[in-house]
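Next come the chains, spelled out residue by residue.
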Amino acid sequence: MAYRFLKKFRVVLSLVFFLLLLVCFVDTYHLTGQWSDGLLKWQFVPALLSAVTGSVTIILLLVLLTLLFGRVYCSTLCPLGTYQDIVRRIANWFKNKKKRKLKYSKPHHLVRYLLLGVVAVGFVLGSSTLLLKLDPYSNFGRMAANLLRPAVIWSGNALSNTFSAIPFQDYKIFTMSACLFAAAVFIVVTTLSALRGRLYCNSICPVGSLLGVLSKYSLFRLALNSDTCARCMACVKACKGQCIDIKKQEIDHTRCVQCHNCTSACRTQQSIRYQFAYQPLPNPPQRGGSKYPLLGKGEAGGRRLFLGTIGGIAAAGAVRAFTPAWRASSTHTKAITPPGSRGLDHFKRHCTACHACVAGCPSHVLRPAVSEYGLDGFMMPVLDYNKSFCNYACNTCSTICPNGAIIPLSKEEKILTQIGKANFILDRCIVVREETDCGACDEHCPVKAIRMVPFRDGLLIPQLDTSLCIGCGGCEYICPARPDKAIQVIANTEHQQARPVEEDVQEQVEVDDFGF
Amino acid sequence: MKRRNFLKTALFGGIAGTLTFKPYVLSAKPVAAAAPYDLVAVMGGEPAAMYAKAIESFGGISSFVKKGQRVVVKPNIGWDKTPEYAANTNPALVAAIIKDCLKAGASEVVVFDHTCDDWKACYKNSGIEDAVKEAGGKMAFAHEEKYYREITLPGAKRLTSTKVHEAILNADVWINVPILKNHGGAKMSIAMKNNMGIVWDRRFMHANDLQQCIADSALIRKKPALNIVDAYRIMTQNGPKGRSLSDVQTPKALFMSTDIVAIDTAAVSFFNQFKKMPLASVGHITIGHDMKIGTTDIDTLKVQRIKL
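Rules and cut-offs
- Residues numbered from 1 in each chain as written.
- Chains lettered and ligands numbered in written order.
- Predicted model: local features only at pLDDT ≥ 70, side-chain atom pairs only at ≥ 80, totals over all residues.
- Helix = DSSP H or I, 4+ residues; strand = E, 2+ residues; numbered from the N terminus.
- Buried ≥ 20, exposed ≤ 12 C-beta atoms within 10 Å, placed from the backbone.
- Contact = placed C-beta atoms within 7 Å.
- Core = buried A, V, L, I, M, F, W, Y, C linked by C-beta atoms within 7 Å.
- Domains from an automatic or database assignment.
- Pairing = 2+ DSSP bridges.
- Axes fitted to C-alpha atoms, helices over the stretch in contact; angles between N-to-C directions.
- Parallel < 35°, antiparallel > 145°, perpendicular 65-115°, else oblique.
- Left-handed = near helix turned anticlockwise from the far one by under 90°.
- Nonpolar A, V, L, I, M, F, W, Y, C, P; charged D, E, K, R; others polar.
- pLDDT = per-residue confidence, 0-100.

Turning our eyes to something else, we now look at the overall build of chain B. Check the secondary structure of chain B and you find 13 helices and 13 strands. When burial is assessed residue by residue, chain B has 59% of its 308 residues classed as buried. Taking the intrachain contacts of chain B between residues at least 6 apart in sequence as the baseline, contacts between residues at least 24 apart amount to 75%.

A count of helices and strands for chain A gives 22 helices and ten strands. Referenced to the eigenvectors of the C-alpha coordinate spread, the extents of chain A come out at roughly 105 × 55 × 45 Å. Among the 516 residues that make up chain A, the fraction classed as buried is 46%.

This part covers the nonpolar core. Side chains of nonpolar character tend, in soluble globular proteins, to be buried together. Membership of the largest hydrophobic core comes to 226 residues, with the highest contact counts inside it found for Val71, Val94, Ile97, Leu254 and Ala267 of chain B. For this core, the two domains that each supply at least three residues are domain 1 (2-222 + 309-322) and domain 2 (418-505) of chain A. Setting aside its immediate chain neighbours within four residues, valine 71 of chain B contacts Val65, Cys101, Ala106, Val109, Ala171, Asp172, Val173, Trp174 and Ile175 of chain B.

Turning next to the environment of cysteine 390 of chain A. All names here are of chain A. By the secondary structure assignment, cysteine 390 is in the loop between strand E6 (381-383) and helix H18 (396-400). Overall, the presence of 28 C-beta atoms within 10 Å leaves cysteine 390 in the buried class. For the pair cysteine 390 and leucine 195, spaced 195 residues apart in sequence, the C-alpha separation works out to 44 Å. Other than its neighbours up to four places away in sequence, cysteine 390 contacts Pro339, Ser363, Val365, Leu383, Cys472 and Gly473.

Residue and element names in this part refer to chain A. For strand E8 (residues 450-454) and strand E9 (residues 460-464), the ladder comprises five bridges, and the chain directions are antiparallel. Across the sheet, the residue bridging to isoleucine 450 is leucine 464, located in E9. From the end of E8 to the start of E9, which pair antiparallel, there are five residues, and aspartate 457 there has a positive phi angle of about 55°.

Before going further, it helps to examine the environment of methionine 452 of chain A. Looking at the element boundaries, methionine 452 of chain A is found in strand E8. What makes methionine 452 of chain A buried here is the crowd of 22 C-beta atoms within 10 Å. Not counting residues up to four positions away in its chain, the partners in contact with methionine 452 of chain A are Gly439, Asp442, Leu460, Ile461 and Pro462 of chain A together with Gly184 of chain B.

Assigned domains of chain A: these are domain 1 (2-222 + 309-322) and domain 2 (418-505). The straight-line distance from the C-alpha centre of domain 1 of chain A to that of domain 2 of chain A is 43 Å.

Further remarks concern helix H12 (residues 206-215) of chain A. Counting buried residues along H12 of chain A, nine of its ten residues qualify, which places the element largely inside the surrounding structure. Inspection of H12 of chain A places Pro206, Val207, Gly208, Ser209, Leu210, Leu211, Gly212, Leu214 and Ser215 of chain A among the buried residues, and these make up the whole buried set.

This brings us to the packing of helix H5 (residues 79-93) of chain A against helix H10 (residues 176-196) of chain A. Residues and elements named next belong to chain A. Between H5 and H10, whose axes approach to 8 Å, the crossing angle comes to 55°. For the element pair H5 / H10, the angle class is oblique. Helix-helix and strand crossings are classified by hand; for H5 and H10 the assignment is right-handed. Mapping the contact onto sequence places Leu80, Gln84, Val87, Arg88 and Ala91 in H5 and Val189, Thr190, Ser193 and Ala194 in H10. When its residues are assigned to classes, the contact of H5 with H10 shows five nonpolar, three polar and one charged.

Residue and element names in this part refer to chain B. Per-chain confidence: chain B averages 91 in pLDDT, with 89% of residues scoring 70 or above. Confidence drops under a pLDDT of 50 for residues 13-32, and excluding neighbours within four residues, the segment shows 27 contacts in the predicted structure. At the level of chain-chain contacts, confidence expressed as ipTM amounts to 0.86, with global pTM at 0.88.

What follows covers unusual backbone geometry. With an omega dihedral of 5°, the bond running from arginine 482 of chain A to proline 483 of chain A counts as a cis peptide bond. Tracing the chain through its elements places proline 483 of chain A in the loop between helix H22 (474-478) and strand E10 (487-497). For the bond from glycine 239 of chain B to proline 240 of chain B, the omega torsion is 10°, close enough to zero to count as cis. Secondary-structure assignment places proline 240 of chain B in the loop between strand E10 (226-235) and strand E11 (248-249). Residue histidine 30 of chain A is not a glycine yet carries a positive backbone phi of 50°. Take histidine 30 of chain A: it is sitting in the loop between helix H1 (2-26) and helix H2 (44-53). For histidine 30 of chain A, a count of 11 C-beta atoms within 10 Å translates into the label exposed. Phi at histidine 364 of chain A takes a positive value of approximately 55°, unusual for a residue other than glycine. With respect to the secondary-structure elements, histidine 364 of chain A resides in the loop between helix H17 (356-360) and strand E5 (366-368). Given 18 C-beta atoms within 10 Å, histidine 364 of chain A falls into the partly exposed group.

Tallying the contact residues gives 41 residues for chain B and 36 residues for chain A. Sorting the residues of the side of chain B that touches chain A by element identifies strand E1 (39-43), helix H6 (119-125), helix H10 (202-207), helix H11 (210-217) and helix H12 (260-271) of chain B as the ones contributing at least two each. Split by residue class, the side of chain B that touches chain A holds 14 nonpolar, 15 polar and twelve charged.

Written as structure tokens, this is what we have:
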């Protein structure tokens, strides 16, 4: 009975996580106030990436969990995993009984470890570009943010005609290329899971592969008891990982996602159970074979492996930290990175384009990049001042980012973080061209880096002090000059500190008259 | 004031013949015949008290708002700033007006502004959203083009047609409630400038002779029945957004008029006691006079000055 409870527990927990994570991406009306965003930090790749800038606790816990019980992460915490389970469940409604059954399949070790290797090498060398495209969490985020979110907004807009309490929302940040990428991933993942359970997780997903490797050494593993096993195949038919080889009475732990479909399906109710992997056999074989029943030939003990794994990750992190980023020092200065991201280099190293910040940005100034960061930064969030600008005292994106790509800023820090500098082009300005008042840029500047000074014929013209400018883009956004705006923000490759605003102290005047 | 008194005043006012003296002023006001004053200035009280005093001089809000009418109160909510920064209209004043309109039998009172900063932050941090809800009014969305409808502005020179918020177009009566501020582009932001918040495409106005466009916007067929300038706190420098509390003075004043040019003129004169701002430099006000939208010649008006 305890094992039945395990499956139910897993299902409930995974659905709760899934829904809470979904809310982070589709709460277009900001009803929840982002309270569930903290859960994003429990995703594997974000935890790994933020270990450098934030805390190592979560990644250690996730590794520890895997070394204890295997890929619990894949069936409980990973939203893309849960999504696939939901797809499979729904797909099964449309299948006859026979077609619902899965069978054991051979592993695609070459594909998965090759992909894992390429991603890992890139990662160690300081490039997140492959990880960005393959990370399951980020792919989930992009699907939610670029496919589901617009759908939510458009249905909300349809309803807003009838219900005046629903605000109409222009989906300003729709980016076709990111949407197409998300749609492609959506189609692949949906198809694979509908037909083959967790094939995606067990052949493509680099996190699945990495945790699979770790699971080979986990302390507690599911094992078949060949004495009681009736070979009825109930477990095999239910196994999403297609990893139970009933003939050999073996479970491929690199592919087992700890879904517990097998333990609850087992007709004997006892033939698949957790076993302590390092329990020596009472009568170890004299020659050949391991003295541990579940270990292959030459497998080492757990403590060494745990330390080895942690050491390996730490070493990789160290190499990464001291390797110049793949192409950070590029000339792609057009891309303005979010406040808190420190600059192009840090941002490109740590961002996996999950679009949590894009979805959470209240002013919709963040949108997925097309080529602003270069090819390797495709889909990474970039500030676009054509349709909006960055709210002065808003630090939302920095509080959302689970990767540590945007490091949390207090509001006091945010208002001094210079992500770029405005550049004023005099001969494009309305005041010069039309000889009429304008001052739209001055109006929007929150720090008065722009001041209106006497020009000619009583007209005022903007004067810029870039040391005060924080690059929020208010001026660029509102500038009415066309075809080219007269004021544009140029990105800071490395973010700078702006000069704090000085108060223009004036005497408080007491008046006793109306003046007319 | 009771309706009977109002009618008496109206009758008396009519006999007194104000109609014949300032025809172009009256063209801008729907129920102007009733008013014994063209402009009322109050000083030295809290926003609600000053409002109560001023509206009394106009025969009460029922001179403007009739039973069952849909009313719009249009404050300045342009910026993500709290009330003490004087970037937005005082929420206490907005609340007092709404309560009065509802008391006079208004079927609904709607409040909105096409904000410059993020609209949700503006509505919330200005304190206006809360004040409106508490007073029994409704906040309307104004952040998307969908909420605006194209109108023509008869007699306009540059802004001949534009999209205006549907709440104004659907309302029976609207009341313009700006705050008195210095402005980097328009020089001053008072009642006429507050019209930019009912318009969708402000960039067009900036690019096509801002001062003329502001004046043109006052030619809207459905003019505000009343303009109430909040000068409880005023922004004397770094406007219209301001950056610190040192940009603010607190003269505790309020102006009320049916003449949008006259009230702006009076407010600029008041402002000059704090910061120099020649009326001639505030283009949209002088254009407003020249286009006969109202008058800058406030000496010819019946002005009441009240000190609390």
